[in-house]
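# What the coordinates show
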Amino acid sequence: MIFGELPVGDAVGARLAHGVRAEGLSLHKGRILTEEDRAALAGAGISTVIAVRLEPGDIGEDEAAALIAAAIPPDHLAFTPPATGRINLHAQANGLFVADRAAVDRFNRIDPAITLATLPDHVSVAAGDMVATVKIIPLAVPGALVHAAAAVLASSRALEVKPFAAHRVGVVATELPSLKPSVMDKTRRLFEQRLSPSGSRLTDEVRVPHRAEAVADAIRRAAPENDVVVVFGASAVTDANDVIPAAIRAAGGVVEHVGMPVDPGNLLVLGRIGAVPVLGAPGCARSPKENGFDWVLARIFAGEKPGPQEITGMGVGGLLAEIPSRPQPRDIRMPERPLSVAALVLAAGRASRMQGSHKLLAAFEGKALVRRSAEAALAARPSRVLVVTGHRAEEIEAELAGLRIDIVRNPDHAQGMSTSLRAGVSALGPGCDGVVVMLADMPHVTGADVRRLLDAFAAAGGHAIVRAVSGGKRGNPVVLPRATFAAILQLEGDVGARHIVESAGLDVVDVEIGAAAHVDVDTPEAVVAAGGILRD
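All figures in this text were calculated on a predicted structure; none of them were measured in a lab. (Residues numbered from 1 in each chain as written. Predicted model: local features only at pLDDT ≥ 70, side-chain atom pairs only at ≥ 80, totals over all residues. Heavy atoms only, no water.)

## Observations concerning the packing of helix α2 (residues 61–70) against helix α4 (residues 143–154)
Here is the rule we go by: Working convention: axes come from line fits to C-alpha atoms, limited for helices to the stretch in contact. Angles between N-to-C directions cover 0 to 180 degrees. In this description a helix means any DSSP run of H or I spanning at least four residues, a strand means any run of E spanning at least two, and both kinds are numbered starting from the N terminus. Any angle from 65 to 115 degrees is called roughly perpendicular, while one under 35 is roughly parallel, one over 145 is roughly antiparallel, and all others are oblique. Handedness of a helix crossing follows the sense of rotation of the near helix relative to the far helix, less than a right angle counterclockwise being left-handed and clockwise being right-handed. In this analysis, two residues are considered to be in contact whenever any of their non-hydrogen atoms come within 4.5 Å of each other. Three residue categories are used. Nonpolar comprises Ala, Val, Leu, Ile, Met, Phe, Trp, Tyr, Cys and Pro, charged comprises Asp, Glu, Lys and Arg, and polar comprises the others, including Gly.
Axis separation between α2 and α4 bottoms out at 8 Å; the angle between their running directions is 25°. Put simply, α2 runs roughly parallel to α4. For the crossing formed where α2 meets α4, the hand is right-handed. Listed contacts from α4 to A64, L67 and I68 of α2 are V146, H147, A149, A150 and L153. Along the lines of polarity and charge, the residues of the contact of α2 with α4 split into 7 nonpolar, 1 polar and no charged.

Listed below in structure tokens is the structure:
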């Protein structure tokens, strides 16, 4: 490739190394100049350009990037079209990104013009996450170098996404007087959320005294029924002969390693009963923040069998306590499937404070409140709208006639709001990325309000909780990502999703929608004050 300043008259067929802008003229970097371009440049008074001419055997930047990308095994990876010499690689499944550092280093040492950057080795990724980028720096490179780089990738598993597989997981939790049951309950909920990205499920939790013989018996019973057993100890492990390691041995198992060079996560125990891994969770596993326990669990869910060699190799990068999350490499967005977000309108309650009237049948501007709420949901253009009915269901459903909605009957509505949430989430199906939960008794929430919440959810990549606020004070509706669905299905009693919002460990995005976020109508007086007309 020959780089330099060329007279405009000699530049036809050359590629611009720098863009050219003049009045009425805009030619971008990389453009192959035509005779028409030459005339336009001359007409604009431009006499020279910085450009390159390809020599025999040279390959243009986009073609070079494409040839290199084609050498990467595509299993569970998606590739963006080449642009400005760049191709980005994205995960196609929730899983573990694995990079062969030696192969990547060999690739990057072929020539400075040809580069490959990746996420760190063995990090968990979600479907759609960018994991690597191939970048050709100049406008063209010698073909021999491109083929040499491609050969490195073709001869190794340099880049790979190992998809998570669903596992059955049993939990043994030990009890001491100093450990509150509420802490143990929260630990279980957070652990179930940890299982969600892999599709794994908690089969059972057994709580036993913090004694080796009791733990051993519980492990012995849990191992045949599960793919993984996790022990949450009421007291931290301080020695290789402490309660949890001793219990693994007493159950007929093997303790492979105690401790790990990851902070938080130092006090992890790794053992097995036959082929079933048994993990003694460190105390930090009670927190939603990333820790060494997550690293080991991810490897197991991705089909690996971590042992002492792997755990002792986690020290570099293992200081997690004081560093922010690593930023993603700069991205050229690949075409992605739009997020599928449903609207769930809760309209099953008994309205016990309404003195015989039904608030959802009250008329607001000539429409029953429940229809007004469903129409607001539809106006926001979610993927679908579901309305959960229960109390006086036939009357409620009659007011919804003709709307493009799905009705979900909740026969257990008298047991509280949690049953309606569970019924609605159970009806969403596997392709749903999130749900905006709306209360049908909020007359001033509009379709535009709900749309703003959905847009904020999309801007967060579908991974954050988004809630409506008024003057910074939390309210409703709220958008919940798929990662919270498992926790919703565990709710009981007359409770909503507030605890899940507060304990999920996910980013929370607040969207100001004004007073509508706080106006619900639970009494006849509230209906009238909000502008409604009561019906029986």
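## Brief notes about the environment of A71
Short version of the rule: Here's how the labels work: a residue is buried when its accessible area is under 20% of the maximum for its type, exposed when over 50%, partly exposed in between, all with a 1.4 Å probe on protein chains only.
Within the fold, A71 resides in the loop between α2 and β7 (77–79). With relative accessibility at 17%, the residue A71 sits in the buried group. Apart from residues no more than four positions distant in its own chain, A71 is found in contact with A150, L153 and A154.

## Quick look at the packing of helix α3 (residues 101–108) against α4
α4 packs onto α3 with a crossing angle of 175° between their chain directions and a minimal axis gap of 9 Å. Compared by their axis directions, α3 and α4 come out roughly antiparallel. Each of A103, R106 and F107 in α3 lies in contact with α4, whose residues at this interface are A149, V152 and L153. Considering only residue class, the contact of α3 with α4 consists of 5 nonpolar, no polar and 1 charged.

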